[in-house]
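# What the coordinates show
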Amino acid sequence: MAAGTGEKYAFLVGGTHSGCGKTTIALGLLAALKARGLGVQPFKVGPDFIDPGLHTVVAGRQSRNLDGWMLGRQYSTELFLRFLEASEVGLLEGVMGIYDGYDGRTESGSSAEMAKWLGIPAVLVVDARSMARSAAALIYGFVRFDPALDFAGVIFNQVGGEAHLRYLKEAVASACPEIAVLGGIPKEDRVVMPERHLGLVTADEMRLDAGWQKRLAELLEKHVDIDLLLEKTAVSPQPASPLLSARGDSASAQPVCGDTPPPLIAIARDAAFCFYYPDNLELLEKAGARLHFFSPVSGEALPEECSGVYLGGGYPELFAGAISGNADFIQSLRERAGQGMPIYAECGGLMTLGRFIETIEGEKIQMAGILPFGTRMLPRRKALGYTEVVLRRQCLLGSPGMVIRGHEFHYSEIVEPEPHSDTGPASSPLEFAYELRRRKHEAARPEGYQSGSVLASYIHLHWGSAPEAAEQFVRHCALWTLTAIRN
């Protein structure tokens, strides 16, 4: 099937578990469909940043996160419809196992929940290493666990050869005759994807060049019946309505800055600062901000005319030397914090605002010193999971009682806190702006480190869960601009 037919296709690539190969297969399908001339819009179920970055490089279109728990049904559905409207194929990569989500009792936040909300079928990826007929038992359980979930078929990964694939097909035909075996991918060292402590290596570093993408597309074309996949995943989506108008994120939303000049927000974006939800950036623009992207790793500093800073997460620990050595960046951060300019930081951004980053080897690399503590890298993961933020006090994102959802994922911890920082905002005490609510059996705890005009946290917030957070940040930046003009 080629481009230009007017047909629409959409499906979820879900796995039996993390590590079964669904990311590689999703990327391969993106590459193969794109090579056929089809416009493919990628999506990622869940809060992940790395997979969407890989999708974006291969598809040539910005991948978007859909999340049942963080964003809810309306937001996720309308975002999906909005982007599918401008493409021919919608491909969702699932999160963890296809039924895994927020807790063990419900489907909240799971890939299965999202597929059912969107009315699209799932393709189940099964790692067939060291399995033969038992693979059919596995598939039988997944298919019957939730009869409301429609399966377009199964793709086997790590197949040992043609004989192994025939055996697998026979087993599926005898146990689940209604399930199509769409293909079987052999082990292919030339397309193996490297990993590290936060997951796969980011797209910025992997260099998914044209040759790699071509090999991956050819691998999927050879071993997956893509025509059959498209036949089973044709959809007739409803036209997209104005995106989330009920939640303040419509295309006609009015800027919040009023008569003040549109504030310029400096956003660090490079290999060290690469974890941003596209929705967050769009919401800033819809609220009236102008965005300026810069690279601290490459030696760039804050632009003179900026009225706010957004430091996202990523891997500052891997580039700590370059960040610390960028004296102009460090000094400009300190000066703007001292002048009361709004600075918002998440995870890696928080680490950068601290006094130092201590590596696994024990080396302490000096950072901005705006926050009165350091951070230390750990050999094991410190935190992982969804979390809900309740604002305890007025801050850059809103007023007390406001609720924003996000997630926490880091291998570092705060160490050596001091009462205040000599290099940070003058005489500004450190306060907790957030209360974190996690699972029911976990007690709420304070977070969100606020010092003067600086707000930093380990939590990656998705402002789609509360678009007014972006509006509040832009408003603070606009007010600072106005103050600077008057002075």
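Residues numbered from 1 in each chain as written. Predicted model: local features only at pLDDT ≥ 70, side-chain atom pairs only at ≥ 80, totals over all residues. Heavy atoms only, no water.

## Structural notes on the packing of aromatic side chains
Scanning all chains against the criterion turns up 19 aromatic pairs. Here Tyr99 and Phe142 contribute two aromatic rings whose centre-to-centre distance is 5.9 Å and whose plane-to-plane angle is 25 degrees, an arrangement assigned as stacked. Here Tyr99, found in the loop between strand 4 (89–97) and helix 4 (111–118), pairs with Phe142, found in helix 5 (residues 134–145); they are 43 residues apart in sequence, far enough to count as distant. Phe142 matches Tyr99 in its accessibility class, with the two residues each being buried. A centroid spacing of 6.1 Å and a plane angle of 40 degrees characterise the contact between Tyr102 and Tyr386, whose relative ring orientation is tilted. You can see Tyr102 sitting in the loop between strand 4 and helix 4 and its partner Tyr386 sitting in strand 20 (residues 383–391), a full 284 residues away along the chain. Here Tyr386 falls in the buried class, since its relative accessible area comes to 10%. (Phe/Tyr/Trp six-rings, centres within 6.5 Å; stacked < 30°, edge-to-face > 60°. Helix = DSSP H or I, 4+ residues; strand = E, 2+ residues; numbered from the N terminus. Buried < 20%, exposed > 50% of the residue type's maximum accessible area, 1.4 Å probe, protein only.)

## Section: the pairing of strand 4
Taken across its nine residues, strand 4 has eight buried, putting it largely inside the fold. Two strands pair when backbone bridges link them, and strand 1 (residues 8–15) and strand 4 are joined in this way by six bridges, in the parallel orientation. The residue bridging Ala10 from the neighbouring strand is Gly90, located in strand 4. With five bridges connecting them, strand 2 (residues 40–45) and strand 4 associate as parallel partners. (Pairing = 2+ DSSP bridges.)

## What to know about the pattern of salt bridges
Per the stated rule, a full pass over the model turns up 22 salt bridges. A salt bridge links Glu107 to Lys116; its shortest N-O distance comes to 2.8 Å. Lys116 gets classed as partly exposed once you look at its relative accessible area, which sits at 25%. Each of Arg64, Arg82, Asp279 and Glu282 takes part in a single network of salt bridges with overlapping partners. (Salt bridge = Lys/Arg side-chain N within 4 Å of Asp/Glu carboxyl O.)

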